[in-house]
Amino acid sequence: MAVDICNHTNARPTIKIGSSGVGVQQAQCYLNNSLTGEGLVVDGIFGPLTDAAVRRFQGCADITVDGLCGAQTWSHLTFWANSPDFVC
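Here the structure is a predicted model, which is why all the values come from computation and not from measurement.

Colleague: Please provide a residue-by-residue account of the state of the cysteines, values included.
Modeller: If you walk through the whole model with that rule in mind, you get two disulfides. The disulfide partner of cysteine 6 is cysteine 29, and the S-S distance across this bridge is 2.0 Å. In this structure the cystine formed by cysteine 6 and cysteine 29 twists about its S-S bond by roughly -85°; its chirality is therefore left-handed. Highlighted residues: cysteine 6 in the segment before helix H1 (22-34) and cysteine 29 in helix H1, separated in sequence by 23 residues. A relative accessible area of 13% places cysteine 29 in the buried class. This cysteine, cysteine 69, is not joined by any disulfide, and cysteine 6 carries the nearest cysteine sulfur, 12 Å off. Note on cysteine 69: relative accessible area 0%, which makes it buried.

Colleague: Tell me about the nonpolar core, and name the residues and values.
Modeller: Core analysis: the biggest nonpolar cluster contains 20 residues, and Ile15, Leu31 and Phe57 have the highest contact counts within it. For this core, the secondary-structure elements that each account for two or more residues are H1, helix H2 (48-60) and helix H3 (71-81). In terms of residue count, H1 provides more of this core than any other element does, five residues in total. Not counting the four nearest positions on each side in its chain, phenylalanine 57 is found in contact with Leu31, Ser34, Leu35, Thr73, His76, Leu77, Trp80 and Val87.

Colleague: Outline H2, supporting the account with residue identities and numerical values.
Modeller: Helical periodicity: at 3.6 residues per turn, an α-helix aligns residues three or four positions apart in one direction. Here H2 contains 13 residues, and its C-alpha end-to-end distance of 18 Å stays within 8% of the 18 Å for a straight helix at 1.5 Å per residue. Along H2, the residues classified as buried are Thr50, Asp51, Ala53, Val54, Phe57 and Gln58. In a view along the axis of H2, the buried residues occupy a sector of 165°, so they form one face of it. Exposed and facing more than 90 degrees away from the buried side of H2 are Pro48 and Leu49. Among the structural elements, H1 and H3 are those in contact with the buried residues of H2. Looking at the residues trailing H2, positive phi occurs at aspartate 62, about 60°.

Definitions and cut-offs
- Every chain begins its residue count from 1, and numbering advances along the sequence as written.
- In keeping with the predicted nature of the model, local features appear solely for residues at pLDDT of at least 70, side-chain atom pairs appear and are counted solely at 80 or more, and the whole-chain, interface and lining totals rest on all residues.
- Each side-chain value is derived from all of the structure's non-hydrogen atoms; neither hydrogens nor water enter the calculation.
- Two cysteine sulfur atoms form a disulfide, by the criterion used here, when they sit within 2.5 Å.
- Each helix corresponds to a stretch of at least 4 residues labelled H or I by DSSP, and each strand to a stretch of at least 2 residues labelled E; elements are numbered beginning at the N terminus.
- Three labels apply to residues, based on accessible area from a 1.4 Å probe with only protein chains included: buried if under 20% of the type maximum, exposed if over 50%, partly exposed otherwise in between.
- Within this scheme, the nonpolar core is defined by two criteria: the residues are buried Ala, Val, Leu, Ile, Met, Phe, Trp, Tyr or Cys, and they are joined through side-chain atoms within 4.5 Å.
- Between two residues, a contact is recorded if the distance between any of their heavy atoms is within 4.5 Å.
- Every helix has an expected span of 1.5 Å times one less than the residues it contains.
- The directions from the helix axis to the C-beta atoms are what the arc is built from.

Here you go:
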């Protein structure tokens with residue numbers, strides 16, 4: 001199995017604006033490795049900048065744009081973050 005580019009947690013909790021913790025850190029790290037020019041601070045706080053990045057990612061990945069990082073978004077984030085390319 002390949003090594004994951006982000007190693008904050010293996011858990012994939014459903015997170016959204018207002019969430020915090022290692023799941024958010026994992027998502028922030030994935031977003032930084034999936035999108036060009038993001039540069040999110042990996043602080044574990046799902047605030048407005050993380051929300052905007054999730055929504056941008058969802059639009060680029062052609063999945064439901066709702067700001068909610070659930071199973072579908074995690075699946076795409078995991079793929080794109082560990083890919084040599086950016087989703088957009």
